[in-house]
Amino acid sequence: MRNRLLLLTVLGLSIFNCSSDNDNSPSEQLSDDIIVGRWELTHHESFGITINDTPCHQQSYIMWNSDFTGERETFANNGQGGPCFSTGAGEGTWEIISDPDQDENYRFIGNDGTTVEEEVVFVDDNTMYIDYGIIDFYYQRVE
């Protein structure tokens with residue numbers, strides 16, 4: 001009887017000491033960077049002049065997820081009010097570029113192997129633009 005009580009006590013303690021955490025799995029790193037969220041294109045600017053602010057262009061978006069994944073899609077029309085069509089879409093990962101000698105501060109790596117390095121400038125917490133030299137793409141945070 002005493003052995004049974006000891007065995008039940010040991011079994012009971014071992015059950016409560018088991019952890020559901022798997023020490024073999026790496027912890028998921030999440031970003032709290034200001035860029036995390038869904039950003040929708042509001043307009044383009046070139047030399048201070050607003051261009052391409054049509055509803056078609058404004059369907060374009062970039063999603064920067066906190067788990068360093070993302071997606072983007074751009075839309076355009078023929079410039080004369082024609083039908084709207086996707087000019088490119090992709091999913092992938094993103095990272096912060098920490099090289100102070102580069103103007104670009106974010107890198108998007110598409111699942112297809114393409115890499116885009118971008119200089120993102122934050123006007124405020126909910127407005128940013130991507131500086132592509134002659135043309136700036138302005139985005140508004142929606143999520």
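Thresholds, definitions, all that
Residues numbered from 1 in each chain as written. Predicted model: local features only at pLDDT ≥ 70, side-chain atom pairs only at ≥ 80, totals over all residues. Heavy atoms only, no water. Core = buried A, V, L, I, M, F, W, Y, C linked by side-chain atoms within 4.5 Å. Buried < 20%, exposed > 50% of the residue type's maximum accessible area, 1.4 Å probe, protein only. Helix = DSSP H or I, 4+ residues; strand = E, 2+ residues; numbered from the N terminus. Contact = heavy atoms within 4.5 Å. Disulfide = S-S within 2.5 Å. pLDDT = per-residue confidence, 0-100. Polar contact = N/O pair within 3.5 Å; in protein donor to acceptor, adjacent residues only side chain to side chain.

Student: Explain the nonpolar core here, please?
Tutor: It is characteristic of soluble globular proteins that their nonpolar side chains tend to be buried jointly. One finds Ile35, Trp39, Leu41, Ile62, Trp64, Trp94, Tyr106, Phe108, Val120, Met128, Ile130 and Tyr139 forming the largest nonpolar core, which totals 12 residues. Listing elements by their share of this core, those giving two or more residues are strand 1 (37–46), strand 3 (61–64), strand 6 (106–110) and strand 8 (127–131). Ignoring anything within four residues of it in the chain, the contact list for Met128 reads Ile35, Trp39, Trp64, Val120, Val121, Phe122, Val123, Phe137, Tyr138 and Tyr139.

Student: Whenever I open this one, the state of the cysteines confuses me. Can you help?
Tutor: Disulfides are covalent bonds that connect the sulfur atoms of two cysteines. Applying the stated criterion across every chain, the model contains one disulfide. In this model Cys56 forms its disulfide with Cys84; the gap between the sulfur atoms is 2.2 Å. Negative torsions about the S-S bond denote left-handed disulfides, and the value of about 90° found for Cys56 with Cys84 makes this one right-handed. Of this pair, Cys56 sits in the loop between strand 2 (49–51) and strand 3 while Cys84 sits in the loop between strand 4 (69–76) and strand 5 (85–96), and the two are 28 residues apart along the sequence. Of the residues examined, Cys56 reaches a relative accessible area of 7% and is grouped as buried.

Student: Even after reading the chapter, I still don't get the confidence of the model for the protein chain, so can you show me in this structure?
Tutor: Should pLDDT be low for a region, the predicted coordinates there are not to be read in detail. Predicted confidence across the protein chain gives a mean pLDDT of 81, with 80% of residues reaching 70 or more. The element-level mean pLDDT for the protein chain is lowest in helix 1 (residues 2–17), coming to 36, with strand 3 highest at 96.

Student: Got a minute to help me understand the environment of Arg141 in this structure?
Tutor: When you line up the elements, Arg141 lands in strand 9 (residues 135–141). For the pair Arg141 and Val36, spaced 105 residues apart in the sequence, the C-alpha separation amounts to 9.3 Å. In terms of polar contacts, Arg141 uses its side chain to reach the backbone carbonyl oxygen of Ile34, at 2.7 Å. Only 2.6 Å separates the side chain of Arg141 from the backbone oxygen of Val36, close enough to count as a polar contact.

Student: Is there a simple way to think about the side chain of Thr127 in this case?
Tutor: In this structure, Thr127 sits in strand 8. Exposure remark for Thr127: the relative accessible area of 16% places this residue in the buried category. For Thr127, the side chain forms a polar contact with the side chain of Gln140, separated by 3.4 Å.

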